[in-house]
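# Commentary on secondary and tertiary structure
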Amino acid sequence: GTNTTAGDLFRLQPAVSLLNANDEVVTLSTAPITAVIFADPGSNQVHDPNKAVLSGTLLANAVDGVARFVDLSINKASVFQELPAEGYQLRFFYRQTGVVTADFYILPGAWTKLFIPTFQQPKQTVAGVPLVVQPWVYLVDAFDNRVDPLNIPSGTRVSASIDGGRAGAALGRVPATCAAASTPNCGDTSDATNGQSIVRFTDLSIVLTNVSYAMNFTAGGFSVLS
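The shown structure was predicted, so the numbers you read here are calculated from the model rather than taken from an experiment.

Of the regular secondary structure elements, the protein holds zero helices and 18 strands. For the protein, with 226 residues in total, the buried portion stands at 43%. Counted over contacts in the protein with a minimum sequence separation of 6, partners at least 24 positions apart contribute 62%. Surface exposure of the protein reaches about 11,400 Å², of which carbon and sulfur atoms provide 53%.

Listed below in structure tokens is the structure:
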């Protein structure tokens, strides 16, 4: 697979040779070879723990004893995701016989949106008291992978507001902003450094009661509602 970007076709597409007991290519074989994900580090993303998807033509018939895949890709990055292991592996098999690849790595794509994981969505709380669950906002690519921090423009900040701007509502300091910081825990404007693909608000609150709110978070021309 070699290293490639999430959603892009592998730069090096697999070719699987069918061998006999003497490790010689069985040139007359036209056996169908199936590709599946064997090791899936992307499923360990904390913010998006869904399984990675192997896309493309997953079955290739051998020609002259070699099955060549041409359009495989994986949607979930394994690099810059704070994972315990980063190496993907694919398995190719025919009937009961198979082979597993060496590790390869999937990089995140360009920053295209903001993402709030389910476990960090704001929840019901007391007026004027910091939200029990403070929002975390991730800077992600088209497949919800955290982006490479080096690709985040210097000085990038995430701003929070009440969607619709209801009078009398407050969120920490207004407008509350949080930098993509090297120590990204903030609820005010104190952090000015950059270097992470996540911002964690810590002291947002709302002063009005008996109203259902949505929060709007914006950064770099992108926005997301809680």
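What follows is about the packing of aromatic side chains. Overall, the coordinates contain four aromatic pairs when judged by the stated rule. Summarising the aromatic geometry, the rings of Phe 119 and Trp 136 are spaced 6.0 Å apart at their centres and angled 85° between planes, so their arrangement reads as edge-to-face. One end of the pair, Phe 119, is in the loop between β11 (113-115) and β12 (136-140); the other, Trp 136, is in strand β12, and 17 residues separate them in sequence. The class of Trp 136 is partly exposed, set by a relative accessible area of 23%. Each member of the aromatic cluster is reached from another via a ring pair, and the members are Phe 10, Tyr 88 and Phe 104. The positively charged end of Arg 200 is found above the aromatic ring belonging to Trp 136, 4.8 Å away from the centroid.

For the protein, per-residue confidence averages 81 on the pLDDT scale, and residues scoring 70 or more make up 78% of the total. Below pLDDT 50 for its whole length, residues 165-194 participates in 95 contacts with residues either more than four positions away or in separate chains.

Right, let's talk about the sheet that holds strand β8 (residues 89-94) for a bit. Strand order in the open sheet formed by four strands is β5-β3-β8-β9, and the pairing between neighbours is antiparallel. The sheet terminates laterally at β5 (59-61) and β9 (97-100), the two strands that pair on one side only. Recorded for the sheet is a direction-independent mean angle of 30° between the axes of neighbouring strands.

As a rule of thumb, nonpolar side chains are buried together in soluble globular proteins. Core analysis: the biggest nonpolar cluster contains 20 residues, and Phe 10, Phe 69, Leu 72, Ile 74, Leu 90 and Phe 92 have the highest contact counts within it. Counting residues per element, the ones that place at least two in this core are β3 (32-39) and β8. Leaving out residues up to four positions away in the same chain, Leu 90 has contacts with Phe 10, Val 36, Ile 37, Phe 38, Leu 54, Leu 72, Ile 74, Val 99, Val 100, Thr 101 and Phe 104.

This brings us to the pattern of salt bridges. Summed over all chains, the structure comprises two salt bridges. In this structure, the salt-bridge partner of Lys 113 is Asp 144, at a minimum N-O distance of 3.0 Å. Here Asp 144 lies in the loop between β12 and β13 (157-162) and Lys 113 lies in strand β11, a separation of 31 residues in the sequence. Classification of Asp 144 by relative accessible area gives buried; the value is 16%.

Taken as a whole, the second largest pocket spans an internal volume of roughly 200 Å³. Listed by contribution, the elements that provide at least two residues to the lining of the second largest pocket are β2 (15-17), β8 and β9. Grouping the constituent residues of the lining of the second largest pocket by class yields eight nonpolar, three polar and no charged.

The alternating pattern of strand β16 (residues 198-201) places Ile 198 and Arg 200 on one face and Val 199 and Phe 201 on the opposite face, and all of these are buried. Of the pairings in the sheet, the one linking β12 to β16 comprises three bridges and is antiparallel in character. Counted as the bridge partner of Trp 136 is Arg 200 from β16.

With that out of the way, let us pick up the pairing of β13. Residue alternation in β13 divides its side chains into a buried set, Val 158, Ala 160 and Ile 162, and an unburied set, Arg 157, Ser 159 and Ser 161. Pairing geometry for β13 and strand β17 (residues 215-219), over four bridges, is antiparallel. In the strand pairing of β17, Ile 162 is matched with Met 215.

Calculation criteria
- Residues numbered from 1 in each chain as written.
- Predicted model: local features only at pLDDT ≥ 70, side-chain atom pairs only at ≥ 80, totals over all residues.
- Heavy atoms only, no water.
- Helix = DSSP H or I, 4+ residues; strand = E, 2+ residues; numbered from the N terminus.
- Buried < 20%, exposed > 50% of the residue type's maximum accessible area, 1.4 Å probe, protein only.
- Contact = heavy atoms within 4.5 Å.
- Areas by Shrake-Rupley, 256 points an atom, 1.4 Å probe, with all protein chains shown as cover.
- Phe/Tyr/Trp six-rings, centres within 6.5 Å; stacked < 30°, edge-to-face > 60°.
- Lys NZ or Arg CZ within 6 Å of the ring centre and 35° of its normal.
- pLDDT = per-residue confidence, 0-100.
- Pairing = 2+ DSSP bridges.
- Axes fitted to C-alpha atoms, helices over the stretch in contact; angles between N-to-C directions.
- Core = buried A, V, L, I, M, F, W, Y, C linked by side-chain atoms within 4.5 Å.
- Salt bridge = Lys/Arg side-chain N within 4 Å of Asp/Glu carboxyl O.
- 1 Å grid on protein atoms, 1.4 Å probe; cavity = no way out; pocket = protein on both sides within 12 Å on 5 of 7 lines; lining within 4 Å.
- Points joined across faces, edges and corners; volume = space filled by probe spheres on them.
- Nonpolar A, V, L, I, M, F, W, Y, C, P; charged D, E, K, R; others polar.

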